[in-house]
Amino acid sequence: MLWLELIRLRTIQDQTERIVSEVEDHLEFIKGEADLIGAKLYRAIKPAGDLSLALLWKCSLMEQRGSLAAQRLILVLREFGLVDHTVWAENDRIGFADFSLLKADLQLKTR
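The shown structure was predicted, so the numbers you read here are calculated from the model rather than taken from an experiment.

(A) Quick peek at the overall build of the protein. Counting its regular elements, the protein contains 3 helices and 4 strands. In sequence order, the secondary structure elements of the protein are arranged as β-α-β-β-α-β-α. Residue burial in the protein is summarised as follows: out of 111 residues, 30% are buried. Put simply, of all contacts in the protein between residues at least 6 apart along the chain, 70% involve residues at least 24 apart.

As structure tokens, this is what we get:
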């Protein structure tokens with residue numbers, strides 16, 4: 001089963017570089033987790049400064065409250081602003097994206 005965690009941070013633009021550094025450190029620490037397929041950080045066009053991190057997992061058991069990795073990162077991100085965390089389960093009946101291509105692309109970029 002594929003499942004996705006989205007961690008959204010609402011903050012001010014001046015802190016973005018420091019936050020990105022914190023996220024990079026955290027991702028370096030968790031990238032070896034067996035069920036983690038990939039991670040990607042996005043920035044909002046408006047309001048500037050808002051960030052979202054997507055963690056894509058593949059495992060037989062979905063964590064309804066999210067992964068331990070996400071919970072740890074949320075503790076750090078709360079120092080910078082408001083954090084929203086949601087967990088999404090894949091609907092395998094609807095959609096057309098080939099996530100195997102996404103997985104290959106993410107693995108190349110994180111090495």
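(B) Expanded view of the pattern of salt bridges. On inspection of all chains with the given rule, the structure shows 3 salt bridges. The salt bridge partner of Asp-50 is Arg-8, with a shortest N-O separation of 3.6 Å. Note that Asp-50 is positioned in the loop between strand 2 (36–43) and strand 3 (51–58) and Arg-8 in strand 1 (residues 2–10), a separation of 42 residues in sequence. Overall, the relative accessible area of 5% leaves Asp-50 in the buried class. Lys-31 serves as the salt-bridge partner of Glu-28, at 3.6 Å between the closest nitrogen and oxygen.

(C) Spatial organisation of the nonpolar core. Counting 19 residues, the largest nonpolar core has Ile-7, Ile-19, Leu-53, Leu-55, Trp-57 and Leu-77 as its most contacted members. Residue assignment for this core shows that the elements contributing at least two residues are strand 1, helix 1 (16–30), strand 2, strand 3 and helix 2 (68–77). Here this core gets 5 residues from one element, more than from any other, and that element is helix 2. The contacts of Ile-7, once residues within four sequence positions are left out, are Leu-51, Ser-52, Leu-53, Leu-55, Ala-70, Leu-73, Ile-74, Leu-77, Val-83, Asp-84 and His-85.

(D) View of the packing of helix 1 against helix 2. Interhelical geometry of helix 1 versus helix 2 gives an angle of 160° and a closest axis separation of 11 Å. Between helix 1 and helix 2, the angle falls in the class roughly antiparallel. Taken as a pair, helix 1 and helix 2 cross one another with a handedness that is right-handed. Facing helix 1, whose interface residues are Ile-19, Glu-22, Val-23, His-26, Phe-29 and Ile-30, helix 2 presents Ala-69, Arg-72, Leu-73, Val-76 and Leu-77. Classifying every residue of the contact of helix 1 with helix 2 by side-chain character gives 8 nonpolar, 1 polar and 2 charged.

What counts and what doesn't
- Residues numbered from 1 in each chain as written.
- Predicted model: local features only at pLDDT ≥ 70, side-chain atom pairs only at ≥ 80, totals over all residues.
- Heavy atoms only, no water.
- Helix = DSSP H or I, 4+ residues; strand = E, 2+ residues; numbered from the N terminus.
- Buried < 20%, exposed > 50% of the residue type's maximum accessible area, 1.4 Å probe, protein only.
- Contact = heavy atoms within 4.5 Å.
- Salt bridge = Lys/Arg side-chain N within 4 Å of Asp/Glu carboxyl O.
- Core = buried A, V, L, I, M, F, W, Y, C linked by side-chain atoms within 4.5 Å.
- Axes fitted to C-alpha atoms, helices over the stretch in contact; angles between N-to-C directions.
- Parallel < 35°, antiparallel > 145°, perpendicular 65-115°, else oblique.
- Left-handed = near helix turned anticlockwise from the far one by under 90°.
- Nonpolar A, V, L, I, M, F, W, Y, C, P; charged D, E, K, R; others polar.

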